[in-house]
Amino acid sequence: PLRRQRQMCIRDSDKLGAKVKEGKSPITITGLTPNTQYVKGSYLICELIDGNQETNRLELIEFKTLPISVESVSFNPNTATIKVGETIDLNVVVSPQNATNKKYTLTPDADPSATLKGNTLTAVSKGTKTVKVTTEDGNKEATFTLTVEEKEPAPISVESVSFNPNTATIKV
């Protein structure tokens, strides 16, 4: 006798949904938007026989997907050295990339060597500036350290040089 292959499937009310393995409970639907409410009838469950013949469909009840939590946060890079007058943009990386709430707060230390506006640090004097990032979801933290060096003095322009056997004159 020919044995029929049975498989559980889920159908979106508008298009094909994701397939799930037989006997798995609770049902897993992939490709849904995190932290989203789905109304009754958005998805139908049925059984596929031999890969294409469907049994009667059963309407799924209203459900809400879970949010994707932040696992970590970092700066890329987490250190830099710039000179007075230069700027650097801080690159904050929240993981996983598809986390539902990627909001964060940047908190600079009190060192006056650089100012923070948005994600940009501007070097104003020699020193070391530290900035801490804290995520809204999970309070994950990371630290960025900026070293500010003095700007090299501008070269002095020499207007003229003249020599006398006993004296020399340089005009600047």
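If you're wondering where the values come from, they're calculated on a predicted model, not measured in any experiment.

Describing the pairing of strand S13 (residues 114-117)
- By the bridge criterion, 4 bridges tie S13 to strand S14 (residues 120-123) in an arrangement that is antiparallel. Within the sheet, the bridge partner assigned to Thr-115 lies in S14 and is Thr-122.

Describing the pairing of strand S16 (residues 141-149)
- Only one face of S16 is covered, namely the one carrying Ala-142, Phe-144, Leu-146 and Val-148; the face carrying Glu-141, Thr-143, Thr-145, Thr-147 and Glu-149 has none of its residues buried.
- Relative to S16, strand S9 (residues 79-83) is paired through 5 bridges, and the arrangement is parallel. Each residue of the ladder has a partner; that of Ile-82, found in S16, is Val-148.
- As paired elements, strand S15 (residues 127-135) and S16 share 8 bridges and run antiparallel to each other.

A closer look at the packing of aromatic side chains
- If you walk through the whole model with that rule in mind, you get 1 aromatic pair.
- Plain terms: the ring middles of Phe-75 and Phe-144 are 5.6 Å apart, the flat faces sit at 55° to each other, and that makes the pair tilted. With a gap of 69 residues between them, Phe-75 in strand S8 (residues 72-75) and Phe-144 in strand S16 connect regions that are remote in the sequence. In terms of burial, Phe-75 and Phe-144 fall into one category: buried.

A closer look at the sheet that holds strand S10 (residues 87-89)
- The strand order S10-S14-S13 describes an open sheet built from 3 strands, whose pairing is antiparallel. Each of the sheet's edge strands pairs with one partner strand only, and the pair in question is S10 and S13. The mean inter-strand angle of the sheet, taken between neighbouring strand axes irrespective of direction, is 20°.
- Note: S10 against S14, 3 bridges, orientation antiparallel. By the bridge assignment for S14, Asp-89 is matched with Thr-120.

Rules of the game
Residues numbered from 1 in each chain as written. Predicted model: local features only at pLDDT ≥ 70, side-chain atom pairs only at ≥ 80, totals over all residues. Heavy atoms only, no water. Pairing = 2+ DSSP bridges. Helix = DSSP H or I, 4+ residues; strand = E, 2+ residues; numbered from the N terminus. Buried < 20%, exposed > 50% of the residue type's maximum accessible area, 1.4 Å probe, protein only. Phe/Tyr/Trp six-rings, centres within 6.5 Å; stacked < 30°, edge-to-face > 60°. Axes fitted to C-alpha atoms, helices over the stretch in contact; angles between N-to-C directions.

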